[in-house]
Every structure is written in C-alpha cells, then in structure tokens.
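Residue-level structural notes
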Amino acid sequence: MAKTKQNIISKIFNDNSIQDYVNVFPNRVGSQGFDAWGFNIKNMKNNMRLTKYMYEDFYKVETVGLENIPKEGRCLIIPNHSGQLPFDGMLVGYSLLTNPNGARAPKAMVERFLPTVPFIGNWLSSVGAVIGDPINCERMLDNEEAIIVFPEGVRGSNKLYKQRYQLQRFGSGFMHLAMKHNAPIIPAGIVGMEETIRSYADIKPLAKLLGMPVAPLVVPFIFPSKVFIYFGKPIYFKNDVHKESDIKDRVDTVKAAIDDLLQQGLARREEYQREQKEKNKKV
Amino acid sequence: MEPKKKILVTGAAGALAKKVIDKLKKDYKIVAVDFRTKVDLGIPVESYKVDFNKRLFEDIFREHHFDGIIHLGRISAQELNRFTRYNANVIGTRKLFDLARKYNVSKTLVMSTYFVYGASPYNPSLLDETTPLKASELTMDLVDSVELENLSTIYLYKHPELNITVLRPCNIAGPGVRNTFSMLLSEKRSPVLWGFSPLMQFIHIDDMRDAICTAFEKNIPGVYNVAPDDYIGFQDAIKAAGSSPIQIPSIPPRLTEAVAKFLNWKSFPVYLINYFKYPVIIDGSLFAKTFNFKPKKTLSDIFTYYKSLK
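Cut-offs and rules
Residues numbered from 1 in each chain as written. Chains lettered and ligands numbered in written order. Predicted model: local features only at pLDDT ≥ 70, side-chain atom pairs only at ≥ 80, totals over all residues. Helix = DSSP H or I, 4+ residues; strand = E, 2+ residues; numbered from the N terminus. Rg over C-alpha atoms; globule rule 2.2 N^0.38 Å. Buried ≥ 20, exposed ≤ 12 C-beta atoms within 10 Å, placed from the backbone. Contact = placed C-beta atoms within 7 Å. Pairing = 2+ DSSP bridges. Axes fitted to C-alpha atoms, helices over the stretch in contact; angles between N-to-C directions. Core = buried A, V, L, I, M, F, W, Y, C linked by C-beta atoms within 7 Å. Nonpolar A, V, L, I, M, F, W, Y, C, P; charged D, E, K, R; others polar. Parallel < 35°, antiparallel > 145°, perpendicular 65-115°, else oblique. Left-handed = near helix turned anticlockwise from the far one by under 90°.

Quick notes on the overall build of chain A
A count of helices and strands for chain A gives 9 helices and 9 strands. For chain A, whose C-alpha radius of gyration is 19 Å, the value lies close to the compact-globule estimate of 19 Å for 283 residues. Over its C-alpha atoms, taken along the principal directions, chain A stretches across nearly 60 × 45 × 45 Å. Expressed as a percentage of its 283 residues, the buried residues of chain A come to 40%. Pairs at least 24 residues apart make up 76% of the contacts formed inside chain A by residues separated by at least 6 positions.

Below, the structure written as structure tokens:
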C-alpha cells in the first residue's frame, strides 16, 4: 500500500510532460509570474501535474466535442456543476489545456466565499479560479480569454446525492455577459462527478456558524468513477433583449442544451459499463 | 526671465516629500511644511512646522503667494489617535483647500491611498477609480482616509479653479518609506496570516515621485489610481525581500484580532488585518494613459533593495 502511494506521488511530481502546455498559459503575467487575478505560473505547473494524474489515472476522463471549443478569442464554457469540491472545474480546465485541436488555458469563476477559506482561496486563484464577480468576467472576456462559468453555483456543486443529474436553478449573469461581450457559449455536460463525493444532507445550522453557504454531510471518501465530458456546439446570442423574461428563455435554451449533453453522457456511460462487464466476462 | 512659481509641499518630513522637493526645487520656489517638525531641507527651501488648524497657518499663505500645492502630509493610523488624526487629515485639509481658494491657488495635488477601497473577499480585481470606497465599512481607523478623499472630490467638482488631482497609489516601497507594508519588507521576520497570501502591487518611491511631479506639472484634474500592472502574493513578496514569515493564526478572525492586539506591532495593526488576507488590486491604466506614465523600477529592484538591508 505504502509503495503504491509512493509510486503515485513520484509519478505526479516527476511528470515533466506538462511543460509542453506552459506556452498556452496566459501571457499577461507580470515579472513575478502572477496575473491580476492571482494566477501563478509556478503553482499552475505543480497543479497541472496533480490534475493530469486525476484526469488520466483516477477519473479516466473521456471527452467528446473538444473541436467545439474556439481555438482563440473570448468564449464562455457553461457546464453542469457537481461533486461538492471544484474538481469538475479542474477536469474541464485540463481538457481545454490539452485539447489537440488547439490548447486554451481557461479561467474559472468560483463562489464568492472561497477567498475567505485559508489556503483554498489562494490555491484556487493561483490555478486560474476567479471570484464570480461580473466585473472580473467582463475584463477577462475583453482579454479574449476562455472562461468556465457554473451558473448553478453551490446549488449544483453541493446538491444531495439523490438529486444527481437534476440541473438546479441557473443564474442569468453568464447570459448577460455573453450577449454584452458577444461571446459564444459552449454548453458542457459532465457525467461521473456526482458519484465521487456523495452528500446526504446539508447541515444548515453548521453552515451558518461557519459562515459558509452549505455544510454538506458527506461520506469522507472520494469514490472512483469514470468521468465523461461532452462539449456542445457554440451558441451565439445577439445583444437584442429588452426584458429580463427574454433572458430567462435564453438561459433555458442553454440549460436544455446541457441537459441534452448530460443524457448523451449518461447513455455513453451505460454503454461503457456494459463493455467493461463483457470484457471482464471474457477475462 | 519669468520668476519661478511657488509651491507649498505638505508632509515635508516624509521620505516621498523630500524626494519630490528635491526634484522640483530646480524649477519652483518651494515652501515645505510638516506638523511633526521643521525640516531642514537646505537653501533655497523654506520650511515650517505648522498645524493646519491653527490661525498661523494662514500667515504662510499671506506671505507666499502659492501657485500650487502638493498635499502629501497625512497622519497615518500608526501615529496619533483617531480623533486627532481626523482633525489633522480631514478638518486640516478642508482648511488647506479654503486657504487655497482664498489665495487663488491654481493647482492642487492630493495624496490618498489604495486603502480607501477596503480589503474585502468580494473585491473584483483591477478596481478602477469609480469603485465605491468601502474601507470605512471595515474599520473606523480608515474613516479619515475615506473622508479626506470625499472632501477632495467635493472640492474638485465644486471648485474647479483649484484644479485638484487626487492620486491613489498602491503600496509605496523603497529607501526611507515607513508605511506598514514597506516596513514588513524591511524586517527580518514579518507576520503573515496562515493560509493567506493576498496579491499586492508595489511602486518604487522614485517612480511615485515621478508620478507626483508629472501629475502636478501636467495638471489634468481628476482622481487616479497609481500602480504598475505587475503583481505578487504577499508571502512571496516577504520571501523575495529576504524576510522570514511568522505565521499568525487566521481563523477564527477573533483569534487573529486578539493576537494582533497582544503583539501590538506597528507593522501588524488590527485595522489592517483584512489587507493581510484579501487582495486590493487597483487599475492604474487611466493614470498611465493620461500622463504617459510607466514605472521604471521593477518589483525585483524593490525586493533586491530590501534584501540588501538584511
């Protein structure tokens, strides 16, 4: 057991293949390797080694539709949110970074309370997470960056296990930004993360005491689960809406596209599981 | 030959004011004042120790007919109690503006600080000059800084003849600077909050001097952030300056406050705890564009200087 652990750690820290992707990191970093949102090249390199292990060996991620991500220019990647911890964002980010059709180093908008958590806040911003303030998002779109936004927020990431694959209420901020900044929306469906960390209750009094939006009662174990990420075709929305209710219709359009990708992912997972069973039978 | 124009520089005992005076004295007649001491700046700079709220202050205006004022004199929270500070920084500045009006001063530069934005976990990055000033929401000890800004803005629009320019710089650092974060860079061991390394901006004192002189001479009234577009995490800055971080517990916040009160370090004041936690990154592009300004010294130059002190 100890030897396996050592092998994993050694694999993670001695992996220099990530060097190939460093040239797609944002070029707006200053002399000390930081950009204005705290992204830090040194931390990102170390984090990529860990994410690579998670992506390739632990979650064995299968991606479909990477050709839908624009090779350059502003865009918003809009996935469903799940898994209690922001690992889904890391996996989507890694898939963009290693996209054979054209690598992108995306930023991800995260919950506003995260900067208040010691270590986590700093670590997240150093690997490209930015607090979910529209001003931040606008500036990054103006910088022609690719940005991952989870419109469900904690409603999605911290939902209960019994609610898995049920999309929660979407915020509409991403739609306003996409329209205002003429940015394409790439819907994404993530299947598999719901099963990794399972929450059975939200202890609201504890959440209040800690000043956190949620305090999930979870099984303290990350279940291994194969993850499927499906990227949909870019959707463009003109900036021609005058009523908030029209925005809601457009948000629902994106939500429906994500739901469709989720169903494709779930079907593919069933097929994969059947294939595995048959393979095991033969063995 | 046209006689040299005369300017009043406040806060003359400070390192930055001395540098500004040194640069401008070739082209201007300078009168230097400070509330702390009469500073000997050598001939030809006349120097006074003065309290803005005393009637004698007007005598200086009567005697010298100032063309401009560079108002750098601000009592920091480390120096005096809140009440005295408010009187000096806010009421005193109002007196200064009123005298400037009375004696037809046509150019006024006021030094503020990025602290006025307040360190909040909800701050977006690259705060521009229109961002609300929320520092007084966090601590009463910064009320005078915010009020000084508000007062300057009122006079800027109500009395355009004063041509007021307000500069909000990021952390100024370099030889002689004694503000909180520069003091921490110069110490061998510096307190940091466990698990927090807020992104920061630093500008070298020489670049800040140039920013002040350029803004004063070009005279384009308004409020401007002054900061380079280069950033570093606070704990990385401490290490780059050759200092060893002392980890202070960061949770729960009350424990941090209790530790800060117990330690009673000038360089780790309770009212600035949030600035040790959350970034306040300002957008200096308006100033850079308006005044064609680019800092000459890099972050490495700043940290190399502090490292050489150890």
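Continuing now.
Notes on the overall build of chain B
Secondary structure assignment for chain B yields 11 helices and 13 strands. Rg of the C-alpha trace for chain B: 19 Å, near the compact-globule value of 19 Å for 310 residues, within the 12% margin. The principal-axis extent of the C-alpha atoms belonging to chain B is close to 60 × 35 × 35 Å. A total of 310 residues make up chain B; the buried ones form 48% of that total. Sequence-distant contacts in chain B: of pairs separated by 6 or more residues, those separated by 24 or more amount to 75%.

What to know about the sheet that holds strand E1 (residues 62-64) of chain A
All names here are of chain A. Strand order in the open sheet formed by 7 strands is E1-E9-E6-E2-E5-E3-E4, and the pairing between neighbours is mixed. Each edge of the sheet is formed by a strand with only one pairing partner; in this case those strands are E1 and strand E4 (129-131). Shown here is a sheet whose adjacent strand axes are inclined to one another by a mean of 25°, direction ignored. Two elements, E1 and strand E9 (residues 228-231), share 3 bridges in a ladder whose sense is parallel. Among the inter-strand pairings, Val-64 is bridged to a residue of E9, identified as Tyr-230.

Let's talk about the sheet that holds strand E5 (residues 107-111) of chain B
For sheets, the rule is that strands pair by backbone hydrogen bonds, running either parallel or antiparallel. All names here are of chain B. With parallel pairing, the 7 strands of this open sheet are ordered in space as E3-E2-E1-E4-E5-E6-E11. Each edge of the open sheet carries a strand with a single partner, namely strand E3 (46-49) and strand E11 (222-226). Pairwise comparison of adjacent strand axes, ignoring direction, gives a mean angle of 15° for this sheet. Pairing of strand E2 (residues 28-34) with E3, which is carried by 4 bridges, proceeds in the parallel orientation. Within E3, the position partnered with Ala-32 by the bridge is Ser-47. Against the sheet, helix H7 (residues 205-218) engages strand E4 (68-71), E5, strand E6 (164-169) and E11, with an angle of about 160° to E6.

Re unusual backbone geometry
Note that the residue after B:Ile251, namely B:Pro252, is joined by a cis bond; omega there is -10°. With respect to the helices and strands, the residue B:Pro252 is situated in the loop between strand E13 (244-248) and helix H9 (253-263). One non-glycine residue, A:Gln84, lies in positive phi territory at about 65°. Looking at the secondary structure, you find A:Gln84 in the loop between strand E2 (75-79) and helix H3 (87-97).

Some thoughts on the nonpolar core
Ranked by internal contacts, the top residues of the largest apolar core, which has 151 residues, are A:Leu76, A:Ile77, A:Ile78, A:Ile147, A:Ala188 and B:Val9. For this core, the leading source of residues is H3(A), giving 7 residues. Ignoring sequence-local partners within four residues, the contact set of A:Ile77 consists of A:Val92, A:Pro106, A:Ala146, A:Ile147, A:Ile148, A:Ile186 and A:Ala188.

Topic: the interface of chain A and chain B
Every contact between the two is made by 19 residues of chain A and, on the other side, 24 residues of chain B. With 3 residues, helix H5 (residues 134-142) of chain A is the single largest residue contributor to the side of chain A that touches chain B. The class makeup of the residues in the side of chain A that touches chain B is 8 nonpolar, 7 polar and 4 charged.

Details of the packing of helix H1 (residues 15-24) of chain B against H7(B)
The relative placement of two packed helices comes down to the angle between their axes together with the axis-to-axis distance. Residues and elements named next belong to chain B. H7 packs onto H1 with a crossing angle of 55° between their chain directions and a minimal axis gap of 9 Å. With respect to H7, the element H1 is oriented oblique. The hand of the H1/H7 crossing is right-handed. Within the contact between the two elements, H1 uses Ala-15, Leu-16, Lys-19, Val-20, Lys-23 and Leu-24 and H7 uses Ile-205, Asp-206, Met-208, Arg-209, Ile-212 and Cys-213.

So, the packing of helix H2 (residues 41-58) of chain A against H3(A)
Residue and element names in this part refer to chain A. The N-to-C vectors of H2 and H3 enclose an angle of 90°; their axes lie 10 Å apart at closest approach. Taken as axis vectors, H2 and H3 run roughly perpendicular relative to one another. The segment H2 lies against H3, with Thr-51, Lys-52, Met-54 and Tyr-55 engaging Phe-87, Met-90, Leu-91 and Tyr-94. Looking at the contact of H2 with H3 residue by residue, the classes come out as 6 nonpolar, 1 polar and 1 charged.

Re the environment of B:Ile248
Residues and elements named next belong to chain B. Structurally, Ile-248 is set in strand E13. Judged by local crowding, Ile-248 falls into the partly exposed class, with 18 C-beta atoms found within 10 Å. Here the alpha-carbon distance between Ile-248 and Val-192, two residues 56 residues apart in the chain, equals 5.9 Å. Dropping the residues within four chain positions of it, Ile-248 is found in contact with Pro-191, Val-192, Leu-193, Trp-194, Thr-256 and Val-259.

Section: the environment of B:Phe291
All names here are of chain B. Within the secondary structure, Phe-291 is located in the loop between helix H10 (285-290) and helix H11 (299-308). According to the C-beta neighbour criterion, Phe-291 is partly exposed, with 18 such atoms within 10 Å. Sequence separation between Phe-291 and Ala-211 is 80 residues; the distance between their C-alpha atoms is 8.3 Å. In contact with Phe-291, other than residues within four places in its own chain, are Thr-214, Ala-215 and Lys-218.

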